[in-house]
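Coordinate analysis (summary)
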Amino acid sequence: MTGGGNEGSGAGVVLDKVAFSHPGGAPMLFDLSVGAGEILAVMGPSGSGKSTLLSLIAGFETPAAGRILIGGADVTNLPPARRPVSMIFQENNLFAHLDVAANVGLGRSPSLRLTREDREHVSEALTSVGLADKARRLPRELSGGERQRVALARVLVRNRPVLLLDEAFASLGPALRDQMLDLLNDLQAKTRMTVVMVTHDPQDALRISGRTAFVEEGQVREVGETAAIFSQARSGALRRYLGAGSRGR
Ligand SMILES: Nc1ncnc2c1ncn2[C@@H]1O[C@H](COP(=O)(O)OP(=O)(O)OP(=O)(O)O)[C@@H](O)[C@H]1O
């Protein structure tokens with residue numbers, strides 16, 4: 001898989017009056033600007049549209065109106081494979097029948113025809129996520145945290161400027177989750193990827209994101225510096241959400 005000139009450090013992401021409705025669903029309208037190399041957390045009640053927002057950036061959904069820009073280029077009508085984006089979900093990021101090295105190798109070549117250089121990248125990425133000794137394991141032979149590390153290694157070899165995380169660490173326990181966030185933070189510092197991370201946990205947002213966007217009923221209601229968003233929560237909806245949403249550790 002080549003990056004089509006999209007490789008390298010972060011690219012800003014802009015949603016410019018992006019209108020979208022799921023079949024039979026309420027209309028959504030997203031306006032959001034994420035800086036190149038920024039880590040932005042996205043929070044909001046269940047069903048508010050956070051995953052939909054990521055799907056629009058990734059190209060799994062197409063806006064009814066408005067534009068999506070990545071690195072200044074209009075990607076609104078590009079299919080997912082041609083967008084300079086990687087995405088990690090809560091689970092099922094890996095192919096069960098492929099070992100760890102092959103799952104990461106897919107990030108270089110979907111047909112797994114890997115050059116020597118590709119294999120070196122895979123091995124370096126596995127080292128950076130602490131899995132150099134588990135390259136021949138199958139996903140079912142790994143812990144949940146290790147599986148997400150494999151997904152992060154694949155992101156590294158893909159080398160796309162934007163990474164979207166949809167509650168990627170939500171099913172891990174608090175200590176492991178913090179480790180994964182710290183790893184993500186380190187990798188982001190090295191690559192300068194732009195990261196948009198959906199989470200339900202204010203602690204996750206406070207740990208690594210510079211800014212947080214609060215989504216409610218299909219709109220970005222508030223966006224600001226993460227600590228300020230939590231301490232000054234302006235809207236009643238955000239205050240209610242924070243009251244109910246913290247895991248209180
Ligand atoms: N494929 C779909 N078809 C129809 N409606 C959908 C589809 N996907 C999501 N929706 C609806 O769109 C709304 C927003 O869903 P979305 O998954 O974006 O919310 P979310 O904020 O990510 O929620 P959660 O925190 O529970 O994951 C919800 O009402 C949901 O039921």
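Residues numbered from 1 in each chain as written. Predicted model: local features only at pLDDT ≥ 70, side-chain atom pairs only at ≥ 80, totals over all residues. Heavy atoms only, no water.

For the rest of this paragraph, the subject is the site of the ligand. What surrounds the ligand is the set His-22, Met-28, Pro-45, Ser-46, Gly-47, Ser-48, Gly-49, Lys-50, Ser-51, Thr-52, Glu-167 and His-200. With the chains in place, 56% of the 640 Å² that the ligand exposes on its own is no longer accessible. Grouping the amino acids of the shell around the ligand by side-chain chemistry returns 2 nonpolar, 8 polar and 2 charged. (Near = heavy atom within 4 Å. Areas by Shrake-Rupley, 256 points an atom, 1.4 Å probe, with all protein chains shown as cover. Nonpolar A, V, L, I, M, F, W, Y, C, P; charged D, E, K, R; others polar.)

The next point concerns the nonpolar core. The nonpolar side chains of soluble globular proteins are, as a tendency, buried together. The biggest cluster of nonpolar side chains holds 45 residues, and the ones touching the most others in it are Leu-152, Leu-163, Leu-165, Phe-169 and Leu-184. The element that contributes the greatest number of residues to this core is helix α4 (residues 144–158), accounting for 7 residues. Two domains each donate at least three residues to this core, and these are domain 1 (10–84 + 162–249) and domain 2 (85–159). Core analysis: the second largest hydrophobic core is formed by 28 residues, Val-18, Phe-30, Leu-32 and Ala-213 among them. (Core = buried A, V, L, I, M, F, W, Y, C linked by side-chain atoms within 4.5 Å. Buried < 20%, exposed > 50% of the residue type's maximum accessible area, 1.4 Å probe, protein only. Helix = DSSP H or I, 4+ residues; strand = E, 2+ residues; numbered from the N terminus. Domains from an automatic or database assignment.)

Here Phe-89 is to be found in the loop between β6 (85–88) and α2 (100–105). On the basis of relative accessibility, which here comes to 32%, the residue Phe-89 falls in the partly exposed class. Put simply, Phe-89 and Ala-101 are 12 residues apart on the chain and 19 Å apart in space, counted from C-alpha to C-alpha.

Our focus in this paragraph is the pattern of salt bridges. Tallied over the full model, the rule gives 13 salt bridges. As a salt-bridge pair, Arg-221 and Glu-217 come within 3.3 Å of each other at their nearest N and O atoms. Since its relative accessible area comes to 36%, Arg-221 is described here as partly exposed. (Salt bridge = Lys/Arg side-chain N within 4 Å of Asp/Glu carboxyl O.)

Bringing unusual backbone geometry into the picture now. Phi angles above zero are rare outside glycine, and Lys-17 is one such case at about 50 degrees. Within the chain, Glu-217 stands out as a residue other than glycine whose phi angle is a positive 45 degrees. Mapped onto the elements, Glu-217 comes out in the loop between β9 (211–216) and β10 (219–225). Taking the relative accessible area as the measure of exposure, Glu-217 reaches 60% and is therefore exposed.

Sheet architecture is open: 4 strands sit in the order β2-β1-β4-β5, paired in antiparallel fashion. In this open sheet, the two strands that pair with only one neighbour each are β2 (28–34) and β5 (73–74). On the sheet, helix α1 (residues 50–58) packs against β1 (13–20), β2 and β4 (65–70) and is oriented at approximately 115 degrees with respect to β1. (Pairing = 2+ DSSP bridges. Contact = heavy atoms within 4.5 Å. Axes fitted to C-alpha atoms, helices over the stretch in contact; angles between N-to-C directions.)

To continue, consider the layout of surface pockets. Estimates place the volume of the largest pocket at around 500 Å³. Val-85, Ser-86, Met-87, Arg-154 and Arg-158 are the residues nearest the centre of the largest pocket, which is lined by 21 residues in total. There are two domains that each give the lining of the largest pocket at least three residues, and those are domain 1 (10–84 + 162–249) and domain 2 (85–159). Looking at the lining of the second largest pocket residue by residue, the class counts come to 4 nonpolar, 6 polar and 3 charged. (1 Å grid on protein atoms, 1.4 Å probe; cavity = no way out; pocket = protein on both sides within 12 Å on 5 of 7 lines; lining within 4 Å. Points joined across faces, edges and corners; volume = space filled by probe spheres on them.)

Now for the pairing of β2. Two faces belong to every sheet, and in a regular strand the side chains alternate between them. Residues of β2 alternate between two faces, with Met-28, Phe-30, Leu-32 and Val-34 buried on one and Leu-29, Asp-31 and Ser-33 left unburied on the opposite face. Bridge count between β1 and β2: 6 bridges; the pairing is antiparallel. Looking at the pairing, Val-13 lines up with Val-34 of β2.

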